[in-house]
Amino acid sequence: MLEHPYVVIVPASFLLGLAAGYTMHRSDFCMAGMFRDLFLFRQTFMLRILVLAIVASMVLFEAARLLGLLTPYPFPLLGPASLANIIGGFLFGTGMVLAGGCVVGTLYKLGAGSLLAACALAGLIAGSTLYAEVYPLWSALVRATTAFPGKITLPEILGVSPTWLIGPVAAAGGLLLVHWYRRDGFLRSAGAEGYLQPWRAALVLALIGALSYLLIGMPLGITTSYAKIGAYIEGAVLPEHAASLAYFRTQSLSYQPPVGDLTLSGGAGPGLDAIAAIQWPLILGIILGAACSAALLGELRIYWRVPPRQWLSALIGGMVMGAAARMAPACNVWHLLGGVPILAVQSILFVAGILPGAWLGTWLLTRLVLRRSPGGAELAAARGAHE
């Protein structure tokens, strides 16, 4: 085992981020768009692709666990279920639609030159920072509504081997995917050069998540870093107030990674800790991966000409999403491609909340941000600009 696991964790996070950013940009793999299009256009194609990514992640994670390759299991930063998971998921769904991208979608769009995504990112940092103000009250709600303390996954609650539940769920998901494939197929018509079919992207992202679990000890996740960046900024502007906030003093992560004997720890406060070592290289990699993809296609340029209301929507949506990611806790990528594949209950509750939240976000988007027209052409054009 390595004496200093960071020599593997930091470059692994960066390279996995590069691959994820490149893949998501080439396929326009945007989870915010998946949920928004369900309610805005009644389109389910990309949601089916998301199901493919979840089922593939489920199979890869369980296969690795059976081979004894996953340590720890369940992965760190997951906790027992509580009411906070549903509420956080609901607000996250609303915010990501208004922002025009989820926490990862915002990064790959920023890498391709979208200043609107930069505005959403600023909102994410602001919302994550504001969460520190309500952390004591919110943590009290979490404690009061926690169910099955000490148990994280459905198999743990039921006292059975994960295979007994994951196997049938993955099989049912596979049958559903076969049905969709036979009925409509998984190919999307696209004339763009270099376009990566979403079903391929789903499998690649599932593989990236599995590699992250194997090398780092957890799947992709970045949202604690947004709070950490906010803590640095607030510490520079209001040092005494920042130092008084309990959230910035918490150590949410403490685990032994697969590649070392040392116990690593970290939290949302300022400092070069395990959170910074894992998530900052991942964030940088996603941005640069998307930038490389756009540059190779000759599409790397600054995009900023959108109506003022969309700038405001991106900022407010980002703030709601940032706060919700701390309340839930964590983001859609973490839960959908990390927690759901191992049947983590808090991740399942997060999904239960994100669906009505995305509906509300879409309702607000169409009435307050995008203009409707009888033929829907203006709405479709605005959809493209919002992305």
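Residues numbered from 1 in each chain as written. Predicted model: local features only at pLDDT ≥ 70, side-chain atom pairs only at ≥ 80, totals over all residues. Heavy atoms only, no water.

A. Spatial organisation of the environment of Val55. Tracing the backbone shows Val55 in helix 3 (residues 45–66). Distance from Val55 to Thr106, taken between C-alpha atoms, is 24 Å for residues 51 residues apart in sequence. Other than its neighbours up to four places away in sequence, Val55 contacts Ala170, Gly173, Gly174 and Leu177. (Helix = DSSP H or I, 4+ residues; strand = E, 2+ residues; numbered from the N terminus. Contact = heavy atoms within 4.5 Å.)

B. Structural detail: the packing of helix 4 (residues 83–99) against helix 13 (residues 308–327). Between helix 4 and helix 13, the least distance of the axes is 7 Å, while the angle of their chain directions is 160 degrees. On the basis of the axis angle, helix 4 is roughly antiparallel to helix 13. Between helix 4 and helix 13 the crossing geometry is left-handed. Listed contacts from helix 13 to Ala84, Ile87, Gly88, Leu91, Phe92, Gly95, Met96, Leu98 and Ala99 of helix 4 are Ser313, Ala314, Gly317, Gly318, Val320, Met321, Ala324, Ala325 and Met327. Looking at the contact of helix 4 with helix 13, its residues break down into 13 nonpolar, five polar and no charged. (Axes fitted to C-alpha atoms, helices over the stretch in contact; angles between N-to-C directions. Parallel < 35°, antiparallel > 145°, perpendicular 65-115°, else oblique. Left-handed = near helix turned anticlockwise from the far one by under 90°. Nonpolar A, V, L, I, M, F, W, Y, C, P; charged D, E, K, R; others polar.)

C. Geometry of the packing of aromatic side chains. All told, the structure shown has 10 aromatic pairs when counted by the stated rule. On the basis of an interplanar angle of 55 degrees and a centroid distance of 5.8 Å, the ring pair of Tyr181 and Phe186 is categorised as tilted. Judged by its relative accessible area of 53%, Tyr181 falls in the exposed class. On the basis of relative accessible area, Phe186 is assigned to the buried category, the value being 10%. Taken together, Phe61, Phe75, Tyr213 and Trp334 form an aromatic cluster joined through their ring pairs. Cation over ring: Arg65 sits above Tyr73, and NZ or CZ is 5.7 Å from the ring centre. (Phe/Tyr/Trp six-rings, centres within 6.5 Å; stacked < 30°, edge-to-face > 60°. Buried < 20%, exposed > 50% of the residue type's maximum accessible area, 1.4 Å probe, protein only. Lys NZ or Arg CZ within 6 Å of the ring centre and 35° of its normal.)

D. Quick peek at the state of the cysteines. This model, assessed by the stated rule, comprises zero disulfides. With no disulfide of its own, Cys102 lies 5.9 Å from the sulfur of Cys30, the closest cysteine sulfur. With no disulfide partner, Cys119 has as its closest neighbouring cysteine sulfur the one in Cys30, 16 Å distant. (Disulfide = S-S within 2.5 Å.)

E. Spatial organisation of a nonpolar patch on the surface. On the surface, Tyr232, Ile233, Val237, Leu238 and Leu272 cluster together into a nonpolar patch covering about 540 Å² of accessible area. Note that Leu238 resides in the loop between helix 10 (223–237) and helix 11 (239–244). Relative accessible area serves as the criterion here: at 47%, Leu238 is assigned to the partly exposed category. (Patch = residues over 30% accessible without salt bridge, like charges linked within 9 Å, V, L, I, M, F, W, Y side chains within 5 Å. Areas by Shrake-Rupley, 256 points an atom, 1.4 Å probe, with all protein chains shown as cover. Salt bridge = Lys/Arg side-chain N within 4 Å of Asp/Glu carboxyl O.)

Everything listed here is a matter of geometry and, on its own, says nothing about what the molecule does.
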